[in-house]
Amino acid sequence: MSDQLPVVVIGAGPAGLAAAANLIERGIEPLVLEAGPAAAAAVREWGHVRLFSTWGEVTDPAAEKLLAPTGWTKPDATTYPSGADWAELYLQPLADVLGDRVRLGARVTGVSRAGRDRIVDADREKQPFAVHFTTADGGEQRVLARTVIDASGTWTAPSPAGAGGLPALGEKAAADRITYRVPDLGDPAVRARYAGKRTAVIGSGASAFTALAGLADLAGDEPGTHAVWILRRGISGSTFGGGEADELPARGALGLAAKAAVDNGYADAATGFRTEAIERDTDGRLVLAGEDGRRLDPVDEVIVLTGLRPDLTFLSEIRLGLDERLQAPLALAPLIDPNQHSCGTVYPHGHRELSHPEEDIYLVGMKSYGRAPTFLAMTGYEQVRSVTAAIAGDLESADRVELTLPETGVCSGSGLAGTPAAGADDEGGCCAPAPQLVQIGITPAAGEGSSSGGCC
């Protein structure tokens, strides 16, 4: 009887829709529950930025087969889509083909074994999953599932400004002047928010690079626009990536754009600064206070780009096996540890690495990586191919690696509009450099770190 139930897929993003396509190819009925009002709702929110994966790396083979009879044509495989392109030219058509199998406005609020909370052992494995969700009109519903694939991503849980992983004191109270996304400076209303203003950018990865470069462009048109780049570590030869020598050209280009922004004097940097509190000045501007007692000059706006994390609250009744640091599946965590791996050195993996003590539930896509910033869209598609093969009982296929990674890989993430972008945010690292406020844009002195890895 359980085999007659659908496989519930949480999230109608790239990994979730690919999972549904792979299930259909296997003759298994999926039901995709999407919290947003449209498929790829999260991708649409950063539609103004460009992927640094090409079209050839961001479509799933099973999905392409499902789309083929509709006359769908794959865009030029060598070009880089924006988030909006990805949503409109691929993800929305795929959702349209899936039809009623995708339910919009369905926000999952809980998953459990039917009639069994997490402490009950009796006949646990024989019970289907009960997936509770709310609907757009505020109603509550439940659906039973044979298997659950959680592809809900990490977009809804950005990391805070506070260096300890918790919001800085006063961060919530200052929410009207803080954003956790790369701003769309092409939008007149958003542009007006930052034009002529002093803005703090907290973060050290691709999203921070993107924001810095965008603010620099804005400064060229709007005098008085200035950025303060908040880094928890120091500046070294690897701060801006490898430039023209970077193994990932798109990442190098993004780093060079950010470097040009600061070289031209549009930004200062506060290094070794770990935010402890965000306070209101007498005129309503924000003052960032560090753990070392420093207080920076007031800013008008703060852009926090310190990474993303998984929302595990609705899985509290499920027995998950997660790494204590990354919040990724135990067998997967060593393969994606950002202290050891970049995107391209993550070994392709599948259902075994994604399994949990609770059978028949899988976290896939960005969510499977927990807090690690090394996710690769192609790897996500390989995950769902393996997982759906395992669900169908085809362990030979599920255990077989069917993915050839680029030599260095391409991480998922956002980049400059019109420009291929690069790596993901990474605020990790164990160094505590001497705090300093510097004008950046100078060549690091001989002996400064040049490794692309962490300081430890």
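Calculation criteria
- Residues numbered from 1 in each chain as written.
- Predicted model: local features only at pLDDT ≥ 70, side-chain atom pairs only at ≥ 80, totals over all residues.
- Heavy atoms only, no water.
- Phe/Tyr/Trp six-rings, centres within 6.5 Å; stacked < 30°, edge-to-face > 60°.
- Helix = DSSP H or I, 4+ residues; strand = E, 2+ residues; numbered from the N terminus.
- Buried < 20%, exposed > 50% of the residue type's maximum accessible area, 1.4 Å probe, protein only.
- Lys NZ or Arg CZ within 6 Å of the ring centre and 35° of its normal.
- Contact = heavy atoms within 4.5 Å.
- pLDDT = per-residue confidence, 0-100.

1. Here we look at the packing of aromatic side chains
Taken as a whole and assessed by the stated rule, the structure comprises 4 aromatic pairs. A centroid spacing of 6.4 Å and a plane angle of 55 degrees characterise the contact between Trp-46 and Trp-86, whose relative ring orientation is tilted. Here the residue Trp-46 occupies a position in the loop between α2 (41–45) and α3 (61–67), and Trp-86 occupies one in helix α4 (residues 83–98), the gap between them amounting to 40 residues. Residues Trp-46 and Trp-86 agree in their burial class; the two are buried. Between Tyr-369 and Phe-375, the ring centres sit 5.1 Å apart and the planes meet at 90 degrees, which makes this aromatic pair edge-to-face. Taking the ring centre of Phe-129 as reference, the NZ or CZ of Arg-113 above it sits at 4.1 Å.

2. A short note on the side chain of Glu-358
Within the secondary structure, Glu-358 is located in the loop between α8 (333–336) and β15 (361–363). Residue Glu-358 is classed as buried on the basis of its relative accessible area of 4%. Residues contacting Glu-358, with those up to four places away along its chain left out, are Arg-113, Arg-124, Phe-129, Glu-317, Ile-318 and Arg-319.

3. Focus: the confidence of the model for the protein
Summing up the model confidence of the protein, the mean pLDDT is 86 and the portion of residues at 70 or higher is 83%. The low-confidence segment residues 407–456, where pLDDT is below 50, has 147 contacts with residues more than four positions distant or belonging to other chains.

4. Some remarks on unusual backbone geometry
The phi angle of most residues is negative, glycine excepted, and most peptide bonds adopt the trans form. The residue Ala-40 is not glycine, and still its phi comes out positive at about 60 degrees. Note that Ala-40 resides in the loop between β2 (30–34) and α2. Exposure remark for Ala-40: the relative accessible area of 1% places this residue in the buried category. One non-glycine residue with positive phi stands out, namely Gln-327, at about 60 degrees. With respect to the element layout, Gln-327 can be found in the loop between β14 (301–304) and α8. Look at Gln-327 and you get partly exposed, because its relative accessible area is 22%.

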